[in-house]
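# Analysis of the macromolecular model
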Amino acid sequence: MFAGKLLSEDARTAVLLVYLRDYTGDLLPEPIDDEIVRIANEERGAGEVWITGQLHVKVAQSRTQTGELARNIPLIFLTFAIVLGVSFRNVRGVVLPLLSVLVSLVWTMGVAAWIGRPLNLVTLMAPAVLMILGLSYAVHVISEYYDQFRQEPDRSGAELVQAGLDRVRFPVFLTGFTTGVGFLAMIPHPLGAISEVGQLLVIGIGFAVLVSLVVLPALLAVLPKPRARTSTPEAGTADLFDRFAERLGALILAHTRAVFVGALAAFALFAFGATRLQATSDSIRSFAANASVRVDFEKINESLNGANTFSVVVEASQRDAFLEPENLRVLQDLQNWLDAQPEIGGTTSVVDYISIMNRAFNAGDPAFEVVPDSRSLVAQLLFFGANDELDRFLDRSKQLANVVLRTTLQRSSDIQALEARIEERLAQLPRRLQGTVTGNSIVVQGMIDEIIWGQVQSVLIALVVIYLVLWALFPDWRTGFRALLPNIMPLTAFYGGMGLFGIPLSTTTSLIAPMALGIAIDDTLHYFIRFQSDAKTLLDERVATVRALRSVGRPMTYTTVSLCLGFLVLAFSNLANQTQFGVMATFTLAFAWVVDFTLTPALCVRFRIVTLWDTLTMDLGRAPEESIPLFQGLTGRQCRIVAQMATIRSFPAGERVFRRGDEGSEMYIVIDGKLRVYLDTDSGHRELTTQSRGDPTGLVGFFGRPITANIDAVDDSRLLRLTPRNMAELARRKPAIAAVLFRNLGEKLAELVGDITVRERDLVEQVAARKP
């Protein structure tokens, strides 16, 4: 009965099964595990002792992770300090971001203890993830503070902080919200550990945003200003990055189509890789080959021809069914088929007990080691052989029979294939019998399926919510989708990279997807919002591209380098799943940086990005749909959309708007102020007309004709600038609005042509009247 099970075939290895009384926990307390190991080693004599089991392996994992966490946190802080020191070149730029990260981390872990969220094998990853994510928000705030100082060094510290916050408050809050959504989507996950880590990370992200937007600015405001420009990043470093941003911006602008083609090719490659992705929870292979816990497991696996066990439970349709020899022989045929499978090292069932007892009652004759033909004899044998061990294989009602299997398989995919083959065999049982595959290995395999489905569900929820946020931010579903593209690419790279590199999806690596989504949306939104602002200020999208890359690209690069180096610290773990987490997180974030420096600028240049905030806060004066003829027939919101897709320029009194003879490429609509239209003649200025709110100016220039008169600002004026490109983009994205504008523009042209005709007729009549 026990040969090959509790005793190896060569009788050199014996097994002791340790059962814990009244233990219902998930993670075995270390003192109990240590005591079992101590007793086993003291009593082993001259032999060897190998110890394994799910709880023992979990203790080893927990001990390794806890030790590495104590080592990694200081190393990550040191890595951050080095990168920040090289980036900002001053103590403030190093200490304040690290202090922000530390404060948010302490708050989060304090709340975790308060609400009773213990650390487990998955939540042990939360501190490192929070440190790495929290740094990005702090660096954006610090970088913007120094950017403001470089531009206006004479302003007070409080003014610099306020100006910096005005630029980063909205994108930091929004990216914190979207990152939180990514982790919030993990809370409904069917696996409790992943749900708990999702809760911790949501809390941590909230604290990180709060510290970055409240605590960090307060510290910057009370500290003295940097004493000189040398307190900011050195000129040489800044110039180097500026040159890089300039050349990259020029390259992207010159090869926008190539960028889109390259992004599509990368997406196709990683989408193919994602089809090769597998999931696993093979905890034993996470340990190094020479780790004692793995060595012990493999020794037992080899000696007993399988250390993994699971069961095939066969249920009959009525009580006492397994007293019937016919049903027992069906069970025996199933057991023989299972024994014939190469992956199965051995099986045990009630048939073995009955056969051996039958032989024993027949003087040990091997010919009687079979199932008896009589129901009553089967019942008698079970009565005489009744014991606690037999209860594992047959229930008291004789309706459930259990076949215990041993296998050497360890990989989840291999166990899944074997399970599928057994299920096919169970389908061939008589209708009165139903078979089910179960046991720890099968439950673990079910957990793998839950990991995959839970990951898909979490990512889809996060993407849907983020898209809805982007749709609300950019009041156009197509623009919202385009804004989502740079955030989908890193996710595709993560799943595709794991498939191409042969790295399985596990409870640990599944944390990378929502984290990468949060980092990607952070950088993308910062770039979109800065580009929009610069494009309106500079009136040149090409210059705005370079400007945005230089300003937002710097903190994006600092944080990406810091995060990648921080994750590489995890790559030197003694656990394979931790190493895989560090490597894939580094790869994914580096790819996200490439996307934000190539695809994101290309999208901004190709498709004008307009935010809802800009639309709502655009000042076009009172009732523009009524007071500006070009906007008649539009709503107030539609007027602001037009203005956002165009640009608004301010002209102080006395400044020239157009010079006669200028090559035309644009027109203006007066929003506020007053313009004077005149000609320079030999006798002086000849005033033609004045223009005020709602009047178009430079209309012929819009159609590519030279300007026919000088136009100056009489008062401080704000003008809406429209170009053929603006109108073409508007016609493509908002055809209904464009149709109204073109109609109004046509009516204005007809009115001007009519005025010119009347003037020419009056002039002809005046000339004719003066003739003799």
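Residues numbered from 1 in each chain as written. Predicted model: local features only at pLDDT ≥ 70, side-chain atom pairs only at ≥ 80, totals over all residues. Heavy atoms only, no water.

### What to know about the overall build of the protein
Stated formally: A run of H or I in DSSP counts as a helix once it spans at least four residues, and a run of E counts as a strand once it spans at least two, with each numbered from the N terminus. When a residue's accessible area, from a 1.4 Å probe over protein chains only, is under 20% of the maximum for its type it is buried; when over 50% it is exposed; and in between it is partly exposed. Accessible surface is estimated by sampling points in the Shrake-Rupley manner with a 1.4 Å probe; for residues, cover comes only from the protein chains shown.
In terms of regular secondary structure, the protein is built from 25 helices and twelve strands. Buried residues in the protein amount to 51% of all 772 residues. A total of about 35,400 Å² of accessible surface is found on the protein, and carbon and sulfur atoms cover 58% of it.

### Focus: unusual backbone geometry
Working note: non-glycine residues mostly have negative phi, and peptide bonds are mostly trans. At R89, a position not held by glycine, the phi torsion is positive, near 60°. Mapped onto the fold, R89 is located in the loop between α2 (54-88) and α3 (91-114). A residue is classified by how much of its surface remains accessible, and R89, at 35% relative accessible area, is partly exposed. Phi angles above zero are rare outside glycine, and D320 is one such case at about 60°. Following the sequence through the fold, D320 ends up in the loop between β1 (308-316) and α10 (325-339).

### Brief notes about the packing of aromatic side chains
Under the convention used in this document: Centres within 6.5 Å are what make two rings of Phe, Tyr or Trp a pair, Trp counting through its six-membered ring; a difference in plane orientation under 30 degrees is then read as stacked, over 60 as edge-to-face, and the rest as tilted. Sitting over a ring, as applied to charges here, requires NZ of Lys or CZ of Arg to be within 6 Å of the ring centre and within 35 degrees of the ring normal.
Summed over the entire model, instances satisfying the criterion amount to 17 aromatic pairs. When the ring of F270 is compared with that of F591, the centres are 5.4 Å apart and the planes differ by 85°; the resulting orientation is edge-to-face. In this pair, F270 sits in helix α8 (residues 256-274) while F591 sits in helix α19 (residues 576-606), placing the two residues 321 residues apart along the sequence. Across the pair, exposure class does not vary: F270 and F591 are buried alike. Centroid distance F567 to F581: 5.7 Å. Interplanar angle 65°. Geometry classified as edge-to-face. A residue pair is termed long-range when its members are at least 10 positions apart, and F567 in helix α18 (residues 553-570) and F581 in helix α19 qualify at 14 residues. Across this residue pair, the class does not change: F567 and F581 are buried. In this structure an aromatic cluster arises from ring pairing among F88, Y145, Y146 and Y558. Above the plane of the ring of Y678 lies R676, whose end atom (NZ or CZ) is 4.2 Å from the centre.

### Some details on helix α9 (residues 292-303)
For the record, the criterion: Given a helix with a known number of residues, its expected span is that number minus one, times 1.5 Å. The criterion used for residue contact is that any of the two residues' heavy atoms lie within 4.5 Å.
An ideal rise of 1.5 Å per residue puts 16 Å on twelve residues; α9 measures up with 16 Å between its terminal C-alpha atoms. On its buried side, α9 packs onto α2, β1 and β3 (400-407). After α9 finishes, the residue N305 shows a positive phi value of roughly 55°.

### Observations concerning the pattern of salt bridges
Worth spelling out the cut-off: Any carboxyl oxygen of Asp or Glu that lies within 4 Å of a side-chain nitrogen of Lys or Arg is treated as forming a salt bridge with it.
Under the defined criterion, the tally for this structure stands at 15 salt bridges. The shortest N-O distance in the salt bridge between E666 and R721 comes to 2.4 Å. Of this pair, E666 sits in the loop between β6 (656-658) and β7 (667-672) while R721 sits in strand β12 (residues 717-722), and the two are 55 residues apart along the sequence. Side by side, E666 and R721 carry an identical accessibility label, which is buried.

### Examining the sheet that holds strand β11 (residues 710-713)
Picture the strands of a sheet paired through backbone hydrogen bonds; they go either parallel or antiparallel. Spelled out, the test is: When DSSP finds two or more bridges between a pair of strands, those strands are recorded as paired. Lines are fitted to the C-alpha atoms to define the axes, a helix being fitted only along its stretch in contact, and any angle between axes, read from their N-to-C directions, falls within 0 to 180 degrees.
Pairing in this open sheet of four strands is antiparallel, and the strands run β6-β11-β8-β9 from one edge to the other. Edge positions in the open sheet fall to β6 and β9 (684-691), since each of these has one partner strand only. Strand-to-strand twist in this sheet, taken as the mean axis angle between neighbours without regard to direction, amounts to 35°. In this structure, β6 lies alongside β11, joined through two bridges in antiparallel fashion. Opposite R656, over in β11, you have D712 as the bridge partner.

### Some thoughts on a nonpolar patch on the surface
For clarity, the cut-off: Patches here are clusters of residues that have more than 30% relative accessible area and form no salt bridge, with a 9 Å joining cutoff for like charges and a 5 Å cutoff for nonpolar side chains (Val, Leu, Ile, Met, Phe, Trp, Tyr).
A cluster of nonpolar side chains, namely V91, V95, L99, L102, V106, W107, L210 and V214, defines an oily patch on the protein surface of about 680 Å² accessible area. For the nonpolar patch, the elements supplying multiple residues, two or more each, are α3 and α6 (192-222). For the nonpolar patch, the leading source of residues is α3, giving six residues. Tracing the backbone through its elements, the reader meets V91 in helix α3.

### Section: the side chain of T557
The condition that has to hold: Polar contacts, as used here, are pairs of N or O atoms within 3.5 Å; protein pairs need one atom able to donate a hydrogen and one able to accept it. Residues neighboring in sequence count only if both atoms are side-chain atoms.
By secondary structure assignment, the location of T557 is in helix α18. Engagement of the side chain of T557 in a polar contact is seen with the side chain of W593, the distance being 3.1 Å. Excluding its chain neighbours within four sequence positions, the residues that come into contact with T557 are F241, W593 and F597.

### Details of the sheet that holds β7
Strands sit in the order β5-β12-β7-β10 across an open sheet of four strands; the sheet is antiparallel. With partners counted over all chains shown, the strands left at the sheet margins are β5 (647-651) and β10 (696-697), one partner each. Here β5 pairs with β12 via five bridges, running antiparallel. If you follow R649 over to β12, its bridge partner there is L719.

### A look at the environment of V37
Considering the arrangement of structural elements, one finds V37 in helix α1 (residues 30-42). By relative accessible area, V37 is classed as partly exposed at 23%. Sequence separation of V37 and H56 is 19 residues, and the distance between their C-alpha atoms is 9.6 Å. Setting aside chain neighbours within four positions, we find V37 in contact with I51 and H56.

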